[in-house]
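# Topology and contacts: notes
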Amino acid sequence: MEKRMILAIVLSIVILLAYQKMFGPGPADRPPPAKQQEAAGTAAGDNAMGTPAAAPGAVARPPAAGGLAPASVHPQRWITVRTPLYTATLSTAGGGIQSFTLNRYNEHPGPKGKPLDIIGSGTMRPLPLELYLAENQPAFPELPVFASNAPDELSVAGGEKKTVSLSWESARGVRITREYTFFGDRYDFEVDQKVGNGDGGPLRIKPGIELSQAFTGELGGDSYSFKGAVVDDGGKIERFDLKKIGKGGIEKIPVRWAAADAKYFTLIAIPGKEWTLEQVSPRGEEGIRIVLAGSPAVLGPREVASFSVRAFMGPKEYNLLESTGQGMERLVDYGWFSVIAKPLVWMLTASNRVTKNYGIDIIILTILIKIAFYPLTKKSMASMKKMQELGPIMNKIKEKYKDDKARQQQEMMNLYKTYKINPMSGCLPMLLQIPVFIALYKGLLVAIELRHAPFFLWINDLSAPEHLWDIAVAGYTIPIRLLPLLMGISMFVQQKLSPSGGMDPTQQKMMLFLPLIFTFMFWGFPTGLTIYWLMNNLLSIGQQLIQNRQVEAEKAARA
């Protein structure tokens, strides 16, 4: 029995670590605002992410030989769109989104946190939502600078919608028109494009859109969470992490939408009809580029082709993504046990409407889970207590038949049958709790509701490891954390209270190391998960004390 219990504990550790390894993929300073980035960063030259964004006043690069030259040269401008939810900055050089700052989400917890820009690739090319122009003939300029009558700043109130129009025209009359339509109360917006041929020869176009992202700073997440490209392949979600993208060879597949996806935030492009995932490529060590393209078309003189893209840039709130449609809520990856994780996270958010503190909500959820497993846990404790009482008899059987393992097992089974003990009943509740633990772990890991959610005192972010202070040892900085230490101590106390009869010295030594292993493992876990495990240990200690008193009372009554 004890060996099975050890196996169950070790198995839970192995499953969790393997889950992180297989399915998992220090905040850096954020770059300066978009316009300052362009002015300051242009002189740096090309870099790993791509070509730097053009400096203020820049003109389009000369067209390739035989390509389309602009009819007139326009200075680069930045158009800022402010809504209650976000502030978006469009660059007329390329017509993409330079920055997208969320008003309700800050870079860091606390009053010093500034609104978070969720475009980490704002100084590089291509910008998110630039047109894909690589396969058009005659060739368009590499970086067309659009003209626009829009003001430098535009405000969109809740319930309103406003449009920003961009246009570019070549000397031979080829014209590109882009219209961004922003809504004051939504994170998604629309981008409509028209490409019209002039009076010259045929124009071959391949309509497409680009996405890019650099997973740095806050967008880098942690080592346990996914970052990379996600696409909807006919209703099936495909995920390409940075490692897979770096290897190359990603097939061209038809997709309904594609996302440059980080832990808590995402950039999504949703074509008006199914397009092809033309390219997913790395940009430096932490960046990606995604290209979506439709079918090629040839435009005769004065013919016009239209295509539209809906975009979503914002937080990965499950209900918000669900309301956006097309199954985008699946970007919130709850893992294997999503059927368990979803109701657990729902219970957290429902409780938070009353408590307004997610730390308290985690404690309440832990109590509810403990109540749900109480009958099984009580039966397990009773079985383990009986096993402890049979320890001396079991040791005699082991000694008597130490050279005959088959006879030893037969005698053990006879002993269990005589005393009506199920040797599996002791570890069954633990095995049943493994899916719940993994589901809750994944739920707490990806739920944006816990991001920067405070608890009490020094705990100001339940989605990150707790941090009291740092100490320097032999040139290394070691973070000091109280909750993992308390969790390890509580696990040690729980272990001492639990029946352990029949264990040999090797098993006992192994059990002594488990609190240390768990403490080390939880040192880098989110604080919310540590609170859950600590609270679970404390409740188990209380239940074990009650169980021990009941057993002693029964013994006294029989005496």
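Below or above, wherever it landed, is the structure these notes cover. Keep in mind it's a predicted model, so treat the numbers as computed, not measured.

Here we come to the packing of aromatic side chains. Under the defined criterion, the tally for this structure stands at 20 aromatic pairs. Considering the side-chain rings of Phe 100 and Phe 189, the 6.1 Å spacing of their centres and the 25 degrees angle between planes classify their relative orientation as stacked. With Phe 100 in strand β3 (residues 97–106) and Phe 189 in strand β8 (residues 188–196), this residue pair connects regions lying 89 residues apart in the sequence. Side by side, Phe 100 and Phe 189 carry an identical accessibility label, which is buried. On the basis of an interplanar angle of 40 degrees and a centroid distance of 6.1 Å, the ring pair of Tyr 318 and Tyr 334 is categorised as tilted. Here the residue Tyr 318 occupies a position in helix α4 (residues 318–324), and Tyr 334 occupies one in the loop between α4 and α5 (338–355), the gap between them amounting to 16 residues. Classification of Tyr 334 by relative accessible area gives buried; the value is 6%. Ring-pair connections join several aromatic residues into one group, and the members of that group are Tyr 86, Phe 100, Tyr 180, Phe 182, Tyr 187, Phe 189 and Phe 312.

In the structure shown here, the tally under the stated rule is 17 salt bridges. Salt-bridge contacts for Asp 232 lead to Arg 330; the nearest nitrogen and oxygen are separated by 2.9 Å. Of this pair, Asp 232 sits in strand β11 (residues 228–233) while Arg 330 sits in the loop between α4 and α5; the two residues are 98 residues apart in sequence, bridging distant segments of the chain. Judged by relative accessible area, Arg 330 falls into the partly exposed class, the value being 29%. In this structure, Glu 238 engages Lys 236 in a salt bridge whose closest nitrogen and oxygen atoms are separated by 3.5 Å.

What follows concerns the pairing of strand β16 (residues 275–283). Bridge count between strand β13 (residues 254–255) and β16: 2 bridges; the pairing is antiparallel. Within the sheet, the bridge partner assigned to Val 255 lies in β16 and is Trp 275. With 7 bridges connecting them, β16 and strand β17 (residues 287–293) associate as antiparallel partners. Across the sheet, the residue bridging to Gln 279 is Val 291, located in β17. The hairpin formed by β16 and β17 contains 3 residues between the paired strands, and Gly 284 there has a positive phi angle of roughly 70 degrees.

Bridge count between β11 and strand β12 (residues 236–241): 6 bridges; the pairing is antiparallel. Each residue of the ladder has a partner; that of Ala 229, found in β12, is Phe 240. Hairpin connection, β11 to β12: the antiparallel pair is bridged by 2 residues, and Gly 234 has positive phi, about 60 degrees.

Structurally, Phe 240 is set in strand β12. Accessibility expressed as a relative area gives 6% for Phe 240, which makes it buried. Each C-alpha atom, one on Phe 240 and one on Asp 261, is 9.8 Å from the other, the two residues being 21 residues apart in sequence. Not counting residues up to four positions away in its chain, the partners in contact with Phe 240 are Phe 226, Gly 228, Ala 229, Val 231, Ile 245, Ile 250 and Leu 277.

Within the element layout of this structure, Ile 290 appears in strand β17. The exposure class assigned to Ile 290 is buried, which follows from its relative accessible area of 1%. On a C-alpha basis, the gap between Ile 290 and Gly 228 in space is 9.9 Å, while along the polypeptide they are 62 residues apart. Apart from the residues within four sequence positions on either side, Ile 290 is in contact with Ile 209, Glu 210, Leu 211, Ala 229, Ala 258, Ala 259, Ala 260, Leu 277 and Gln 279.

Remark: helix α11 (residues 482–497) packs on helix α13 (residues 527–558), axes separated minimally by 9 Å, with the N-to-C direction vectors making an angle of 25 degrees. By the angle class used here, α11 and α13 are roughly parallel. As α11 packs across α13, the resulting crossing turns out to be left-handed. Taking contact as the criterion, the partners of Leu 483, Pro 484, Leu 486, Met 487, Ser 490, Met 491, Val 493, Gln 494 and Leu 497 in α11 are, on α13, Thr 527, Thr 530, Ile 531, Trp 533, Leu 534, Asn 537, Leu 538, Ser 540, Ile 541, Gln 544, Leu 545 and Asn 548. For the contact of α11 with α13, the per-class residue count stands at 13 nonpolar, 8 polar and no charged.

Basis of the calculations
Residues numbered from 1 in each chain as written. Predicted model: local features only at pLDDT ≥ 70, side-chain atom pairs only at ≥ 80, totals over all residues. Heavy atoms only, no water. Phe/Tyr/Trp six-rings, centres within 6.5 Å; stacked < 30°, edge-to-face > 60°. Helix = DSSP H or I, 4+ residues; strand = E, 2+ residues; numbered from the N terminus. Buried < 20%, exposed > 50% of the residue type's maximum accessible area, 1.4 Å probe, protein only. Salt bridge = Lys/Arg side-chain N within 4 Å of Asp/Glu carboxyl O. Pairing = 2+ DSSP bridges. Contact = heavy atoms within 4.5 Å. Axes fitted to C-alpha atoms, helices over the stretch in contact; angles between N-to-C directions. Parallel < 35°, antiparallel > 145°, perpendicular 65-115°, else oblique. Left-handed = near helix turned anticlockwise from the far one by under 90°. Nonpolar A, V, L, I, M, F, W, Y, C, P; charged D, E, K, R; others polar.

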